[in-house]
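For reference, the chains in residue letters:
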Amino acid sequence: MKSTLVTFPNGQVNGRSEIVGAVPVGDRHGLVVAQTPFHPLDHTWPDQPADRGTIGGLPVVDCVTAGSSGAYGGEVFLGSDIPVRRGDDGWQWLVVHVTETPLAVGAQVELEVDAGYRAALSAGHTACHLAALALNASLAGLWRKETRLDALGHPDFDQSAITSSRILAYGSEDVYRLGKSLRKKGFTADDLDPDAVAARVNDQLKAWVAADVPVWVDVPSPGLTARRTWHCALPEGEASIPCGGTHVGRTGELGAVTVTLTPVEQGLTMHTSVSMS
């Protein structure tokens, strides 16, 4: 099987394609098509959940990333069982649509993504990136050493401290570790007031949403593992973050974005919520 071509980065939610392969997924059936609008769960950084929808009229109960290589005899590895990182050379990268009922290889099928659920995840993902940038700006004064900067020129707390990120329908949850490693990089949490930081983040988010600026994804190729980049034309300058997910088209579509910051053991959790207009 050749690597799956994907259309979700351009916002597509439907398409028609040929089933080019089938793999067992426990007692379910994994269907691979030549081209799909479905966004699968990524095995390396599983932040955005898989799309919902139908393939050939059948419900897609899960949608996962898979990999296959001649070095492993062409065996198809699913999700966390993939033994290499996303995009490694010599591998075919596949979107596997999991169904309860099989469909014949060679059949032409219609693929329909649940557009409402996709829109909710896209809103959550865009808000997640904006909140991360606003958090970086709000924490800039707590760095005592030079460190890597984000696209807006602030110390990149988000990428330096993040341990997990989960995109939700109209929101996200990001967990940051404030341990020895971060202190060695120059970040001091002694004066960190979560409520005050959240207030500054929310003020910035309100301004960015009100600016109603364009959001887009740079798509260098239709391959599943192409190195795509999220962009946003913020008033302070164009922001960019590597991203394989889906997004809204303008910040104004988000209506309102707010965060809360909750201290946890040796860390901090940021909950981001979107109230669409």
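The preceding data block contains the structure.
Thresholds, definitions, all that
Residues numbered from 1 in each chain as written. Predicted model: local features only at pLDDT ≥ 70, side-chain atom pairs only at ≥ 80, totals over all residues. Heavy atoms only, no water. Axes fitted to C-alpha atoms, helices over the stretch in contact; angles between N-to-C directions. Helix = DSSP H or I, 4+ residues; strand = E, 2+ residues; numbered from the N terminus. Parallel < 35°, antiparallel > 145°, perpendicular 65-115°, else oblique. Left-handed = near helix turned anticlockwise from the far one by under 90°. Contact = heavy atoms within 4.5 Å. Expected span 1.5 Å × (residues − 1). Buried < 20%, exposed > 50% of the residue type's maximum accessible area, 1.4 Å probe, protein only. Arc of directions from axis to C-beta. Polar contact = N/O pair within 3.5 Å; in protein donor to acceptor, adjacent residues only side chain to side chain. Pairing = 2+ DSSP bridges. Disulfide = S-S within 2.5 Å.

J.: What is the right way to read the packing of helix H1 (residues 115–138) against helix H4 (residues 194–211) from this model?
T.: Between two packed helices, both the angle of their axes relative to each other and the distance between the axes serve to describe the pair. For the pair H1 and H4, interaxial distance at closest approach is 9 Å and the crossing angle is 130°. For the element pair H1 / H4, the angle class is oblique. As H1 runs across H4, the sense of the crossing is right-handed. Each of Leu130, Ala131, Leu133, Ala134, Leu135 and Ser138 in H1 lies in contact with H4, whose residues at this interface are Val197, Arg200, Val201, Gln204, Leu205 and Trp208.

J.: Sorry, what's going on with H4 here?
T.: In an α-helix, one full turn covers 3.6 residues, which means residues spaced three or four apart are oriented alike. With 18 residues, H4 ought to run about 26 Å at 1.5 Å a step, and its terminal C-alpha atoms sit 26 Å apart, in line with that. Here H4 has its buried residues at Pro194, Val197, Ala198, Val201, Asn202, Leu205, Trp208 and Val209. In a view along the axis of H4, the buried residues occupy a sector of 135°, so they form one face of it. Of the exposed residues in H4, those oriented more than 90 degrees away from the buried face are Asp203, Lys206 and Ala210. Check the buried side of H4 and you find it contacts H1, strand E14 (229–234), strand E16 (256–264) and strand E17 (267–275). Its side-chain oxygen at 3.1 Å from the backbone nitrogen of Asp195, Asp193 defines the N-terminal cap of H4.

J.: Please explain the pairing of strand E2 (residues 14–25) as it appears in this structure.
T.: Every other side chain in a regular strand lies on the same face of the sheet, so the side chains alternate between the two faces. Direction of pairing for E2 relative to strand E10 (residues 108–113): antiparallel, over a ladder of five bridges. Residue pairing in the sheet places Ser17 in a bridge with Val109 of E10. The pairing of E2 with strand E3 (residues 28–33) spans six bridges and is antiparallel. Bridge assignment links Ile19 to a residue of E3, and that residue is Val33.

J.: Is there a simple way to think about the state of the cysteines in this case?
T.: Note on terminology: disulfide describes a covalent bond linking the sulfur atoms of two cysteines. Taken as a whole and judged by the stated rule, the model has zero disulfides. Left without a disulfide partner, Cys63 is nearest to the cysteine sulfur of Cys243, which lies 16 Å away. This cysteine, Cys128, is not joined by any disulfide, and Cys243 carries the nearest cysteine sulfur, 8.5 Å off. A residue is classified by how much of its surface remains accessible, and Cys128, at 7% relative accessible area, is buried.

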